[in-house]
There are 4 protein chains.
Amino acid sequence: MKTSQKHTWKTKLHEIIYEADTPEGKLFDIVLLIAILASIILVMLESIESFDQKYHDFLNVSEWVITILFTIEYILRIVTVNKPIKYILSFYGIIDLLSTIPKYLSLFFVGSQALVALRALRLLRVFRILKLARYLGASNQLANAIKASRAKISVFLFAVLIASVIFGTIMYLVEGADSGFTNIPKSVYWCIVTMTTVGFGDIAPITPLGQFIAAVIMIMGYGIIAVPTGIVSAEYTKSAGKTQNPKKEDETKLKTVTLNTQCCANCFAQKHQDDAEYCHKCGCKLRYD
Amino acid sequence: MKTSQKHTWKTKLHEIIYEADTPEGKLFDIVLLIAILASIILVMLESIESFDQKYHDFLNVSEWVITILFTIEYILRIVTVNKPIKYILSFYGIIDLLSTIPKYLSLFFVGSQALVALRALRLLRVFRILKLARYLGASNQLANAIKASRAKISVFLFAVLIASVIFGTIMYLVEGADSGFTNIPKSVYWCIVTMTTVGFGDIAPITPLGQFIAAVIMIMGYGIIAVPTGIVSAEYTKSAGKTQNPKKEDETKLKTVTLNTQCCANCFAQKHQDDAEYCHKCGCKLRYD
Amino acid sequence: MKTSQKHTWKTKLHEIIYEADTPEGKLFDIVLLIAILASIILVMLESIESFDQKYHDFLNVSEWVITILFTIEYILRIVTVNKPIKYILSFYGIIDLLSTIPKYLSLFFVGSQALVALRALRLLRVFRILKLARYLGASNQLANAIKASRAKISVFLFAVLIASVIFGTIMYLVEGADSGFTNIPKSVYWCIVTMTTVGFGDIAPITPLGQFIAAVIMIMGYGIIAVPTGIVSAEYTKSAGKTQNPKKEDETKLKTVTLNTQCCANCFAQKHQDDAEYCHKCGCKLRYD
Amino acid sequence: MKTSQKHTWKTKLHEIIYEADTPEGKLFDIVLLIAILASIILVMLESIESFDQKYHDFLNVSEWVITILFTIEYILRIVTVNKPIKYILSFYGIIDLLSTIPKYLSLFFVGSQALVALRALRLLRVFRILKLARYLGASNQLANAIKASRAKISVFLFAVLIASVIFGTIMYLVEGADSGFTNIPKSVYWCIVTMTTVGFGDIAPITPLGQFIAAVIMIMGYGIIAVPTGIVSAEYTKSAGKTQNPKKEDETKLKTVTLNTQCCANCFAQKHQDDAEYCHKCGCKLRYD
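Residues numbered from 1 in each chain as written. Chains lettered and ligands numbered in written order. Predicted model: local features only at pLDDT ≥ 70, side-chain atom pairs only at ≥ 80, totals over all residues. Heavy atoms only, no water.

Chemist: So, the overall build of chain A: which residues are in play, and what are the values?
Modeler: The helix and strand inventory of chain A stands at 13 helices and zero strands. Out of the 289 residues belonging to chain A, those deemed buried represent 52%. When contacts within chain A are restricted to residue pairs at least 6 apart in sequence, those whose partners lie at least 24 apart make up 59%. Total accessible area on chain A stands at roughly 13600 Å², and carbon and sulfur atoms take up 68% of it. (Helix = DSSP H or I, 4+ residues; strand = E, 2+ residues; numbered from the N terminus. Buried < 20%, exposed > 50% of the residue type's maximum accessible area, 1.4 Å probe, protein only. Contact = heavy atoms within 4.5 Å. Areas by Shrake-Rupley, 256 points an atom, 1.4 Å probe, with all protein chains shown as cover.)

Chemist: Mind laying out the environment of Glu63(C), listing which residues take part and the relevant values?
Modeler: Along the polypeptide, Glu63(C) turns up in helix α3 (residues 49–79). A relative accessible area of 0% means that Glu63(C) is categorised as buried.

Chemist: Describe in detail the nonpolar core, supporting the description with residues and values.
Modeler: Ranked by internal contacts, the top residues of the largest apolar core, which has 191 residues, are Trp190(A), Trp190(B), Trp190(C) and Trp190(D). If near-sequence neighbours (up to four positions away) are discounted, Trp190(D) is found in contact with Phe200(C), Met171(D), Phe181(D), Ile203(D), Ala204(D), Pro205(D), Ala214(D) and Ile217(D). (Core = buried A, V, L, I, M, F, W, Y, C linked by side-chain atoms within 4.5 Å.)

Chemist: Tell me what's going on with the packing of aromatic side chains, and back it up with residues and numbers.
Modeler: Per the counting criterion, the structure on display carries 20 aromatic pairs over all chains. Arranged with centres 5.9 Å apart and planes meeting at 25°, the rings of Trp190(A) and Phe200(B) form a pair that is stacked. One end of the pair, Trp190(A), is in helix α10 (residues 184–195); the other, Phe200(B), is in the loop between α10 (184–195) and α11 (208–224), on a second chain. Its relative accessible area of 1% is what places Phe200(B) among the buried residues. (Phe/Tyr/Trp six-rings, centres within 6.5 Å; stacked < 30°, edge-to-face > 60°.)

Chemist: Go over the pattern of salt bridges, please, and point to the residues and values.
Modeler: Per the counting criterion, the structure on display carries eight salt bridges over all chains. The partner of Arg77(B) in a salt bridge is Asp96(B), with the nearest N and O atoms 3.8 Å apart. In this pair, Arg77(B) sits in helix α3 (residues 49–79) while Asp96(B) sits in helix α5 (residues 91–98), placing the two residues 19 residues apart along the sequence. Classification of Arg77(B) by relative accessible area gives buried; the value is 1%. Using a relative accessible area of 2% as the deciding quantity, one classes Asp96(B) as buried. One network of salt bridges, in which partners are shared, links Glu73(A), Arg77(A) and Asp96(A). (Salt bridge = Lys/Arg side-chain N within 4 Å of Asp/Glu carboxyl O.)

Chemist: Outline the relation of the copies chain D and chain A, supporting the account with residue identities and numerical values.
Modeler: At an RMSD of 0.1 Å, chain D and chain A line up after a rotation of 180° and a shift of 0.0 Å along the axis. Read as a symmetry element, the transformation amounts to a two-fold axis. (Least-squares fit on C-alpha atoms with pLDDT ≥ 70 in both.)

Chemist: Explain the side chain of Thr194(D) residue by residue, including any values.
Modeler: Mapped onto the secondary structure, Thr194(D) falls in helix α10 (residues 184–195). Within the local environment of Thr194(D), its side chain forms a polar contact with the backbone oxygen of Trp190(D), the two atoms lying 2.9 Å apart. Look past the residues within four positions of Thr194(D) in its chain and what remains in contact with it is Val198(C), Phe200(C), Ile217(D) and Met218(D). (Polar contact = N/O pair within 3.5 Å; in protein donor to acceptor, adjacent residues only side chain to side chain.)

Chemist: Can you lay out α5(B) for me, pointing to particular residues and giving the numbers?
Modeler: Residues of α5(B) that are buried: Gly93(B), Ile95(B) and Asp96(B). The arc that holds every buried residue of α5(B), seen down its axis, measures 165°, which confines them to one face. (Arc of directions from axis to C-beta.)

Chemist: Which residues make up the packing of α10(B) against helix α2 (residues 23–47) of chain D, and what values go with them?
Modeler: Orientation of α10(B) relative to α2(D), taken along the N-to-C sense of each, is 105°, at an axis distance of 7 Å. On the basis of their axis angle, the class for α10(B) and α2(D) is roughly perpendicular. Taken together, the residues of α2(D) that come into contact with α10(B) (itself represented by Ile184(B), Pro185(B) and Val188(B)) are Val43(D), Met44(D) and Ser47(D). (Axes fitted to C-alpha atoms, helices over the stretch in contact; angles between N-to-C directions. Parallel < 35°, antiparallel > 145°, perpendicular 65-115°, else oblique.)

Chemist: Describe the interface of chain D and chain A, and please don't skip the residues or the numbers.
Modeler: At the interface, four residues of chain D touch four residues of chain A. Interface area for chain D against chain A, summed over the two sides, is near 170 Å², with a carbon-plus-sulfur share of 19%. Joining chain D to chain A, the criterion identifies zero salt bridges. Where chain D meets chain A, there are zero residue pairs in polar contact (both at pLDDT 80 or more). Per-class residue counts for the side of chain D that touches chain A are one nonpolar, three polar and no charged. (Buried area = accessible area lost by both parts, 1.4 Å probe. Nonpolar A, V, L, I, M, F, W, Y, C, P; charged D, E, K, R; others polar.)

Chemist: Which residues make up the side chain of Thr80(C), and what values go with them?
Modeler: Residues and elements named next belong to chain C. Its place among the elements puts Thr 80 in the loop between α3 and α4 (84–89). By relative accessible area, which is 3% here, Thr 80 ends up buried. Thr 80 has contacts with Lys 10, Leu 13, His 14 and Tyr 18, leaving out every residue within four places of it along the chain.

Chemist: Can you lay out unusual backbone geometry for me, pointing to particular residues and giving the numbers?
Modeler: Its identity as a non-glycine residue notwithstanding, Thr197(A) has a phi of 60°, on the positive side. Following the sequence through the fold, Thr197(A) ends up in the loop between α10 and α11 (208–224).

Chemist: I'd like a rundown of the confidence of the model for chain A, residues and numbers included.
Modeler: All names here are of chain A. Chain-level statistics for chain A give a pLDDT mean of 74 and a share of 67% at 70 or above. When mean pLDDT is taken per element in chain A, α10 scores highest with 90 and helix α13 (residues 247–259) scores lowest with 38. Note on residues 1–5: pLDDT is under 50 here. Beyond four places in sequence and across chains, it has six contacts. Segment residues 243–259: pLDDT under 50, and 14 contacts once partners within four positions in sequence are set aside and those in other chains are kept. Interface predicted TM-score (ipTM) for the complex: 0.74; the corresponding pTM is 0.78. (pLDDT = per-residue confidence, 0-100.)

Chemist: Please set out helix α3 (residues 49–79) of chain A residue by residue, giving values where relevant.
Modeler: Residues and elements named next belong to chain A. Approximately 85° is the largest bend angle found in α3, and it occurs at Tyr 55. Every buried residue of α3 is listed here: Asp 52, Leu 59, Ser 62, Glu 63, Ile 66, Thr 67, Phe 70, Thr 71, Glu 73, Tyr 74 and Arg 77. Of the surrounding secondary structure, the elements contacted by the buried residues of α3 are α1 (9–18), α2 (23–47), α4 (84–89), α5 (91–98) and α6 (101–105). (Bend = angle between axes of the 7 residues up to and from the residue.)

Chemist: I'd love a proper account of a nonpolar patch on the surface, names of residues and values included.
Modeler: Residues and elements named next belong to chain A. Among the surface-exposed residues, Ile 94, Leu 97, Leu 98, Ile 101, Leu 105, Leu 107, Phe 108 and Phe 109 lie close enough to one another that they form a single nonpolar patch of about 730 Å² accessible area. When residues of the nonpolar patch are traced back to their parent elements, those giving at least two are α5 and α6. The element contributing the most residues to the nonpolar patch is α5, with three residues. If you trace the backbone, Leu 98 turns up in helix α5. Its relative accessible area of 35% is what places Leu 98 among the partly exposed residues. (Patch = residues over 30% accessible without salt bridge, like charges linked within 9 Å, V, L, I, M, F, W, Y side chains within 5 Å.)

Laid out in structure tokens, this is it:
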């Protein structure tokens, strides 16, 4: 599909919508971000009853305006891309759809409206727009550390869950319904609340034995909280060490790569080099100059 | 006892029950896991009164079915092993027994039923079945880090306990019974709740002096929480460093060891090498092929 | 403006007020600190109704005395400096003004009085007075570690906020108004309370599904708390390592720099070397000996 | 005062009471520990009203027995030492006195009884008795890490306090008395409770603005908790690294030093080498053999 696309409206629109290198593209992204933030705030305000009663019409109209804008944006995103199916099934494609339809669904179903909060996920786009290589690097490093410690944290959370089930059952037997431990799932819930040191206090042991076991659980949880922290810390130190040593050579390359917001119209591959002419994934032509 | 066992039903069963290298062994372990999970969920649902009233008979029958399955499994585990006593007294042997008998005991005693939650411990078997060397390695590394920092964390928890006793008594003297500090054990309990940053709020100081001391305890606890975290973090970094450096040579060996689920029928030793013919602990023949 | 200033009262006062190298300068700073602490305690006591009723006149008069002292100090600071505008617009200049005017404003507006708590920020001056190179070094190292991990922690807090918005909306839908989740902003607030493991318990889920989601949020938050800790820990290890290695040569220099409290009368530049005769920023003469 | 003391009852007693190398010394220390633990438990039980009413006489008599034993021990400690004044004014001397007199004071003053909880501090002696070089080493390493990070953690806690005062005052202005923020000290207390992620919930913001500020405080506190942890972690890694490298030579020496419980009868210096004949502090003869 290596057609030599000319400066048609389609390619121009693709540049504006998917990229942030041109002034128009930057403007589009900033307007989009403001629209997303505005729509989240609108949904929040709508959920406050006293506010909704006063300004119901204003909120409703604003919601519809933003939803229609999002619908137009969604359609344009599909139109300007070579393989619409690929976009529709991509992570952002699904998020974009899910953040648009709730308002339409609210015509038929009550409550679906609140799904609009999914629009918050669209905010993740902010990182691309801000073009802050520094922040992107930071988030990459973070992602690597979390990735590397995923297996260990899973093992750890699994152990916490097993401990919660066992201690939850013991607390259910010891405390009984008087102090809120009315059934085992609730006791397990309380146990998780306690081990994670959240401690709501909606349920709390009142018998001496229950309080003693609770103290044991807390001290155990206190010791346990050290484990995932230590893991991430160690992994992060490792990954930070790795990126630090080969710094001199890679830094320039790294920056040029992350600073470019080009997005292939064919396969959505990103992170192209600044002087790239063809997509490094599918070979489709990139720049239309 | 190095008898050359042939493909009798006993050796075949041993392979299925204790190992997860053959398709039958894998299937058995997966079915076992599902049964364990199902039984835990059943006990939880039974403890919810409204649910129990509706589906009491269904829950009871399901419980009995699973208990009988576990009983059969327990008997088979004893039968297929060369030294049954050793299995019965092993960690998993005791857990298996304890997770089977509560239902039988419930015929005589009310409440013993809930001990079934101990079955959660059987879930630890999941790691063997998943055969995820990655996860096993992670859990080994974790275990090492925790082992290495055990002594230090003990010293630390001991200090926390002494501080809790002293501050608990002070709070008892300062606050008195009005705000829930009715006796010293309860005050010590509150002190542990506060120092571990759980903070239920079922007991909370109301006098200015009590609140001041509470603030001191909290800030102290805030500084203290750093200690065990720092310890585990440092130990983990060390142990991760150790396993990282001699990586090239040991990695292959490490993986083959942890991936093998062979279990000696004589002494339950695990972690055999893939090409092992005899148990590395007792010399008993391993593979029956 | 390199006028050769003689031992006029102005230069003498500048030395006393802005520096802590002479006995008079030290005394001035200690008196200032005591006055700041006293004024903060006074405002606190005034806010306690029972205390205010008894000692209202004493508190009021003391407040006025301290305020007038601060006013004089503020005027002297402006007078003894070459470029008053620069001081007035500096961080400490604004803090000094804001900590002086509330009492005057309280003549016209009720409540503005409490702004006096901003005086707490003036306490930051304590570090200069104590002249503890050890503490200054510690705080510099801290500042560096925090600076280096700022970008990463921002990314992380941004992710926490997005997660809070999404989970807050879900909890609003699941729980409803009965358990305190009356609107989305409140749900988001609850979500932040929970993810940061604070857990007030003023709002707490009561439906089984709500409690299940809460447990997921908590365990997630428990895993997440590891991330910024790991980042700071790693950055701090790095920055500590850097300052440790080139220790032999730099230590002397470092100490002389941080121990000197000279402050240029022209541009407020600090951290002069002990034998400096001219400001290293603007070239204005420093020592008047 | 280098008198060549013979095997008199005084030197024998000194060996038994102050050291744990002989069987009698060990026995004495174990009996002492049990007595301390028993007395702490007695005081705790006494504070439980229902328990005290039933067994008041038994508790009272047991208390007196233990107090008299402690009195005898205290007198013997004074008698068997060359310079009694030095012992009386030492840390343990004061603790020993404070843990003995409350019972006598309770004859005259009500309530002084509960000071007996100070006896918990005597439990710190357990480390000497257990003679666990492993634990002592661990506690030394811990102490070093905490010592090294003391300055940094002080800076940090100081910052937390200033932030608490400022945010506490803001919350007092925003929330007012309705939600429990009745005065500034209470607001500051709430702020510390929140920043340390304890979160009792006895005071909680109810206005939207108050909840927003609370969310900001929490997220800030969430980021802040990372700092002291990172510091201790980094310091501990450093100190662990130091003790690890020169291990080969120093380990033997280290162990012999920490394993010896000799205590100079003249100046209370500890940590003597196993073959030491004279105190390394005052030159007084050590072993009486």
